[in-house]
Amino acid sequence: MNVSVIGCGYVGLVAAVCLAKLGHRITLVDVDEQKIEMLNNCQAPIHEPDVEEALSQSDLEVTSDYDCISNSDLILLCVSTPTTDDGFISLEYITQASEQLAQVLKKKLDYCVVVVKSTVVPGTTTDVVIPILEKSGKKAGIDFGVCMVPEFLAEGKAIYDFMNPMRIVIGEYDTRSGDMASQLYQSLGAPILRTNPITAEMIKYASNTFLATKISFINEIGNICKLLGIDTYEVARGMGADDRIGSKFLNAGLGFGGSCLPKDIKALISRVKQMGYEPRILEEVWNLNEHQGANLVALLKKHILLKGSTVGLLGLAFKPETDDIRESRAIRLVKVLLKEGATIRAYDPAAVENFKCLFPQIEYVSSQKVLASDAIIIVTEWEEFSHLDYRGKIVIDGRRVPKAMEAKVYEGLCW
Ligand code: UGA
């Protein structure tokens, strides 16, 4: 099929290279000329394993010109939906891209399906996207189709997740568009759940907020275990053996960051509060996550006086295998430590350049130099941190790196 992808962030770029692998002809559209140039040179504008290799193997057309997508069978809308100051999502890019697509639809003679893949709060596809598309003078469900197909890939293993989905959710406005979207994913062999657009939008939010809830839940159990002298990771192992609970997302520690879980939980809270509902669980999931950093600093203070000390941070990215620092737990920690008068040395295998933009005043050094600090905090569980020599050090571990237990003083945040 001829597939166009609007937006070359994580979701768009990964969808583009993977759908190309599956044999579709792909046109990738973005407004950012710098990104277009990079992509045309087979350079990925995101740090993600295997994307550059996939780019060099695929024959994508990359452009800023919407006229190039006029022969599409499916158009995937993958623009970002960033958080606004009051916690809502901004629909600025969704609106802009939909306006452009309306112009394309106006001239288009044959049927095509617009697939919303950006994470949007329930109701957005039918209440915002479709009315803009219909400014073309064409009717949704008749002249063109619309689906909402949420993306469930995680950063760091995006290509793997796209090619090996646990399920495909298709929120179809009309049956014909649902049939076409199903065809796009059929060869992946995953179960396909067909529903309506608002339900598909909610499935995405419910999934991400449930993952966040699972993390905050185990962190709460972890905080209790710490008080009782119990190893939370053993508790999680015992819990996870029950397949109603499952063993994944039970790693207690500093909590969740990134561009998705925090944004989605905030957006859902803001949206439902606007409707007069108090989402108590979601609020507490958020509060608990925000508090884990303070718990870690309290542990650190048991061992050193922060004022005048040098604290070393291992890890700045929100999780391993990415340079993404959005909502990284390191940000909050650095703010607190600086306020308390500590000097900070930090190391991360990929995220230093991004972190420097936020905190130019801290020292960026090798992992060996971080180890020479008065105390060390493990913020991100990069694999290479399992090969460092922690003997004789003071280590406060926010992510459970077993090798660090050899330290002279070792404190696990939740164990
Ligand atoms: C998340 C979801 O996992 C994806 O399914 C979803 O598609 C994506 O958001 C999205 O909405 O685009 P991602 O943010 O890339 O993916 O990362 P996760 O692997 O979910 O990790 C999120 C955060 O939770 C990280 O900071 C990680 O360190 C933390 N985490 C994860 C824990 O603290 N404990 C755990 O047990 C697992």
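Structural data are supplied above this passage.
Worth saying up front: this structure is predicted, and the values here are computed from it rather than measured.

**Student:** For this particular structure, what's the right way to read the pairing of strand 8 (residues 192–195)?
**Tutor:** Working note: regular strand, side chains alternate between the two faces of the sheet. Taken together, the 4 bridges between strand 7 (residues 168–172) and strand 8 define a ladder with parallel strand orientation. Within strand 8, the position partnered with Gly171 by the bridge is Thr195. Following the backbone out of strand 7, through helix 7 (residues 175–185) and into the adjacent parallel strand 8, one traces a crossover that is right-handed.

**Student:** Sorry, what's going on with helix 8 (residues 197–228) here?
**Tutor:** Within an α-helix, residues lying three or four positions from one another point in the same direction, as the helix has 3.6 residues per turn. Over its 32 residues, helix 8 runs 46 Å from end to end, which matches the ideal 46 Å to within 8%, given 1.5 Å per residue. A positive phi of about 75° marks Gly229, the residue just after helix 8.

**Student:** Would you explain the sheet that holds strand 6 (residues 145–148) in this entry?
**Tutor:** Paired through their backbone hydrogen bonds, the strands of a sheet run either parallel or antiparallel. The strand order across the open sheet built from 8 strands is 3-2-1-4-5-6-7-8, with neighbouring strands paired in mixed fashion. At either margin of the open sheet sits one strand with a lone partner, and together these are strand 3 (61–63) and strand 8. Across this sheet, the average inter-strand angle for adjacent strands is 20°, counted without regard to direction. As paired elements, strand 1 (residues 2–6) and strand 4 (residues 74–77) share 4 bridges and run parallel to each other. Residue pairing for strand 4: Ser4 is matched across the bridge by Ile75.

**Student:** Any chance you could explain the nonpolar core here in plain terms?
**Tutor:** As a rule of thumb, nonpolar side chains are buried together in soluble globular proteins. With 55 residues, the main nonpolar core has Leu313, Leu337, Phe355 and Tyr390 as its most contacted residues. When residues in this core are grouped by element, the largest group, 5 residues, is from helix 12 (residues 329–339). When near neighbours in sequence (up to four residues on either side) are disregarded, Tyr390 contacts Leu314, Leu371, Ile378, Phe385, Val395, Val401, Lys403, Ala404, Glu406, Ala407 and Lys408. Val17, Ile46, Val115 and Met180 belong to the second largest nonpolar core, which has 43 residues in total.

**Student:** Even after reading the chapter, I still don't get unusual backbone geometry, so can you show me in this structure?
**Tutor:** Leave glycine aside and you will find that most residues have negative phi; peptide bonds, for their part, are mostly trans. In this structure, Cys42 is a non-glycine residue whose phi angle is positive, near 60°. The residue Cys42 is located in the loop between helix 2 (33–40) and helix 3 (51–57) in this model. Under the relative-accessibility criterion, Cys42 is labelled partly exposed at 31%. One non-glycine residue with positive phi stands out, namely Phe249, at about 60°. You can see Phe249 is positioned in the loop between helix 9 (232–240) and helix 10 (261–274). Residue classification places Phe249 among the partly exposed positions, given a relative accessible area of 38%.

**Student:** Explain the pattern of salt bridges here, please?
**Tutor:** Any two side chains of opposite charge can pair, given that their charged atoms come close. On inspection of all chains with the given rule, the structure shows 26 salt bridges. Residue Asp231 is joined to Arg400 by a salt bridge in which the shortest nitrogen-to-oxygen separation is 2.9 Å. Residue Asp231 is located in the loop between helix 8 and helix 9, and its partner Arg400 is located in the loop between strand 13 (394–397) and strand 14 (409–412); the two are separated by 169 residues in the primary sequence. Classification of Asp231 as partly exposed rests on a relative accessible area of 27%.

**Student:** Could you clarify how one ought to interpret the sheet that holds strand 14 in this entry?
**Tutor:** In spatial order, the strands read 11-10-9-12-13-14; together these 6 strands make up an open sheet with parallel pairing. Both outer strands of the open sheet, strand 11 (363–364) and strand 14, are each paired with one neighbouring strand and no more. Relative to strand 14, strand 13 runs parallel, the two being bridged by 4 bridges. Looking at the pairing, Ile394 lines up with Val409 of strand 14.

**Student:** Teacher, can you tell me more about the packing of helix 8 against helix 10 here?
**Tutor:** Helix-helix packing is described using two parameters, namely the angle between the two axes and the distance between the axes. Axis separation between helix 8 and helix 10 bottoms out at 9 Å; the angle between their running directions is 115°. Viewed along their axes, helix 8 and helix 10 adopt a mutual orientation that is roughly perpendicular. Here the hand of the crossing between helix 8 and helix 10 comes out left-handed. Here Met202, Lys204, Tyr205, Asn208, Thr209, Leu211, Ala212 and Ile215 of helix 8 come into contact with helix 10, specifically with Leu261, Asp264, Ile265, Ala267 and Leu268. In terms of residue class, the contact of helix 8 with helix 10 is built from 9 nonpolar, 2 polar and 2 charged.

Cut-off values and rules
Residues numbered from 1 in each chain as written. Predicted model: local features only at pLDDT ≥ 70, side-chain atom pairs only at ≥ 80, totals over all residues. Heavy atoms only, no water. Pairing = 2+ DSSP bridges. Helix = DSSP H or I, 4+ residues; strand = E, 2+ residues; numbered from the N terminus. Right-handed = clockwise from strand over helix to strand, strands pointing away. Expected span 1.5 Å × (residues − 1). Axes fitted to C-alpha atoms, helices over the stretch in contact; angles between N-to-C directions. Core = buried A, V, L, I, M, F, W, Y, C linked by side-chain atoms within 4.5 Å. Buried < 20%, exposed > 50% of the residue type's maximum accessible area, 1.4 Å probe, protein only. Contact = heavy atoms within 4.5 Å. Salt bridge = Lys/Arg side-chain N within 4 Å of Asp/Glu carboxyl O. Parallel < 35°, antiparallel > 145°, perpendicular 65-115°, else oblique. Left-handed = near helix turned anticlockwise from the far one by under 90°. Nonpolar A, V, L, I, M, F, W, Y, C, P; charged D, E, K, R; others polar.

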